[in-house]
Structures are given as C-alpha cells and as structure tokens.
Amino acid sequence: SEINTWMANFCADNSAIVEGPTSIGLSYEGRQLYVFKISDNPGIDEDEPEVFINAATHAREVVTPLTIMTFATHLVDNYGVDPRVTDLVNNREIYLMAVVNPDGYYHNQVTDPDGGGMQRKNMSPPDGVDLNRNYDYMWGLNDIGSSGNPYSETYRGPSAGSEPSTQAIKTFINSRNFEAVNNYHSYSDLILIPFGFTYERPPNYDIYMAFGNYMNETLGYEVGGAEIIY
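Residues numbered from 1 in each chain as written. Predicted model: local features only at pLDDT ≥ 70, side-chain atom pairs only at ≥ 80, totals over all residues. Heavy atoms only, no water.

A. Inspection of the nonpolar core at higher detail. Counting residues in each nonpolar core, the largest one holds 23 residues, and the members touching the most others are Phe 10, Val 18, Phe 36, Ile 38, Ile 68 and Leu 96. Mapped by element, the contributors of at least two residues to this core are α1 (2-13), β2 (32-38), β3 (50-55), α2 (63-78), α3 (83-91) and β4 (93-97). No other element matches the 5 residues that α2 contributes to this core. When residues no more than four places from it in sequence are discounted, the contact partners of Ile 38 are Phe 10, Ile 17, Val 18, Ala 72, Leu 75, Val 89, Arg 92, Glu 93, Ile 94 and Leu 96. Formed by 11 residues, the second largest nonpolar core is a distinct cluster that contains Val 35, Phe 52, Val 100 and Ile 169. (Core = buried A, V, L, I, M, F, W, Y, C linked by side-chain atoms within 4.5 Å. Buried < 20%, exposed > 50% of the residue type's maximum accessible area, 1.4 Å probe, protein only. Helix = DSSP H or I, 4+ residues; strand = E, 2+ residues; numbered from the N terminus. Contact = heavy atoms within 4.5 Å.)

Pasting the structure below:
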C-alpha cells in the first residue's frame, strides 16, 4: 500500500514527464499490476526507443521496488539539470513496474510486518508459483532450472503462463516495442544475460555482454548467462 501511495503521488506531482500509474492487469488475488512511464511527452506514444524495467517478481526480494523508486526519483530530480538524465528522458520512453508480485509482497507484509518475510512465489494454491519460471518460452524444459513440485521454491506452475501476472506482463510487452527489458532481483551480485535455459549462447551474445559489462562498470558484479548461476 505504501508503494502504491508513493506511485500515485509521484506521478501526480511530476505529471510533466511522468504518466500513470496505469494498470496492465490483475494478480491472482485481484491486485492491480501498475506501470508508470517517464518521458518528455509521457502522454504521447513517440517514435523513441522504449525500455521496461521491473522489480519484485520474487516477493521476498524487497529492496528491488526501492531500486525502481530511487531511479525514477533520480530522473525527475535531475531532469533539466544533468545532461545525461535530460537526454534519457527526452529521447527514451521508460516504463517502470515496482512490484510484479503484489500478492506475495502483501503476504510478507501481513506475516512479518517488521520485515523478513520469506514468501518468494505468488499466492496461487497450494503453495504459490514462481512467476519467473511460469512464462511459456521453454516452459517445463526440465526439472533442473525449475520444478514440477508445487511445494518447491522454483515451482513453474501447472501449465505455461498459467498465472494472471505472467499473462498480463507478456501481453504488455508484446503490445510495445521494447529495445530492452531489465528485471531487478536481489538474490546475488549478478548481471544475468540470455540464455537462462541452456549453456548455448544467443546470436547477439557479444552485444549482451557489452551491455552487461557497461552496467557493471561501477558495481563489481559477475556478468554472464546460465553458466554463472543456473
């Protein structure tokens, strides 16, 4: 609720370059899945590169919405002041989603109001689905990268794209023309690039690595594909 209040106030207070929050669908328990947009003409669909940055697919990774909120605040506070930020806002359409998994996030709020809730999955019965493994591309490839056990932390769901949240995000992504999608997690100090389901490298692996290494310039993380975690 605090994140949703922040989002509503942030968008209203900065409407010259921020639009939203806009719901792209509902979670399993019926919560709104909110996205907001930052650009110099946020209400106009301009011919500019589009990016989508989202967080809290895994509910217990609670710092990730703050990452979105801090980045958005940085753009607003430095627009017209910092040339790099001004260029980003003027020449990009930046879509931000602070919480992909509001049901699990709320569950942790209720069970552990002072922090430390460990619900990772959504709240689909009997024990939740790992939304990160529910998308239909290469779904259910094996039981190494995901699990068919409903009580596993990496349970992929009963079928590909079974969860309302993954359906909503897939529909949203397919409705746009994103040049890049960045999914924030906080499990470890990694920048993961495709692929995650195989050790084979995508045709544009060198481009992904270049972007990953550029992002990593001040972080000291590890950059790579399935070989570094999956």
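B. View of the sheet that holds β2. On the basis of which strands lie adjacent, the open sheet formed by 5 strands has the order β1-β2-β4-β3-β5 and mixed pairing. Whereas interior strands pair on both sides, the edge strands pair on one side only; in this sheet they are β1 (18-26) and β5 (178-184). Pairs of neighbouring strands in the sheet enclose a mean axial angle of 20°, with direction left out of account. For β2 and β4, the ladder comprises 3 bridges, and the chain directions are antiparallel. (Pairing = 2+ DSSP bridges. Axes fitted to C-alpha atoms, helices over the stretch in contact; angles between N-to-C directions.)

C. Representation of the side chain of Ser 39. Note on placement: Ser 39 falls in the loop between β2 and β3. Since its relative accessible area comes to 0%, Ser 39 is described here as buried. There is a polar contact of 3.4 Å between the side chain of Ser 39 and the side chain of Asp 40. In contact with Ser 39, other than residues within four places in its own chain, are Ala 16, Ile 17, Glu 46, Glu 48, Val 89, Arg 92 and Glu 93. (Polar contact = N/O pair within 3.5 Å; in protein donor to acceptor, adjacent residues only side chain to side chain.)

D. Local environment of the pairing of β4. Of all the 5 residues making up β4, 5 are buried; the element is thus mostly covered by neighbouring parts of the structure. Neither face of β4 is exposed, since Glu 93, Tyr 95 and Met 97 on one face and Ile 94 and Leu 96 on the opposite face are all buried. Where β3 and β4 come together, 5 bridges link them in parallel fashion. Of the residues in β4, the one forming a bridge with Ile 53 is Leu 96.

E. How the structure looks around the pairing of β1. In this structure, β1 lies alongside β2, joined through 5 bridges in antiparallel fashion. Bridged to Thr 22 within β2 is Val 35. Here β1 folds back onto β2, and the loop between the two strands holds 5 residues, one of which, Gly 30, carries a positive phi near 90°.

F. Quick peek at a nonpolar patch on the surface. On the surface, a cluster of nonpolar side chains totalling about 410 Å² of accessible area is made up of Tyr 187, Leu 192, Ile 229 and Tyr 230. Tracing the backbone through its elements, the reader meets Ile 229 in the segment after β7 (222-224). Taking the relative accessible area as the measure of exposure, Ile 229 reaches 33% and is therefore partly exposed. (Patch = residues over 30% accessible without salt bridge, like charges linked within 9 Å, V, L, I, M, F, W, Y side chains within 5 Å. Areas by Shrake-Rupley, 256 points an atom, 1.4 Å probe, with all protein chains shown as cover. Salt bridge = Lys/Arg side-chain N within 4 Å of Asp/Glu carboxyl O.)

G. Expanded view of the packing of aromatic side chains. Going through the model one piece at a time under the given rule, you end up with 10 aromatic pairs. Taking the centre distance of 4.6 Å and the plane angle of 15° together, the rings of Trp 6 and Phe 10 count as stacked. Of the two residues, Trp 6 and Phe 10 are both situated in helix α1; the distance of 4 residues between them amounts to about one turn of the helix. Seen from their ring centres, Phe 52 and Phe 178 are 5.5 Å apart, and the 20° between their planes marks the pair as stacked. Here the residue Phe 52 occupies a position in strand β3, and Phe 178 occupies one in strand β5, the gap between them amounting to 126 residues. Given a relative accessible area of 0%, Phe 52 falls into the buried group. Its relative accessible area of 15% is what places Phe 178 among the buried residues. The rings of Phe 52, Tyr 95, Phe 172 and Phe 178 are connected pair by pair, giving a single aromatic cluster. (Phe/Tyr/Trp six-rings, centres within 6.5 Å; stacked < 30°, edge-to-face > 60°.)

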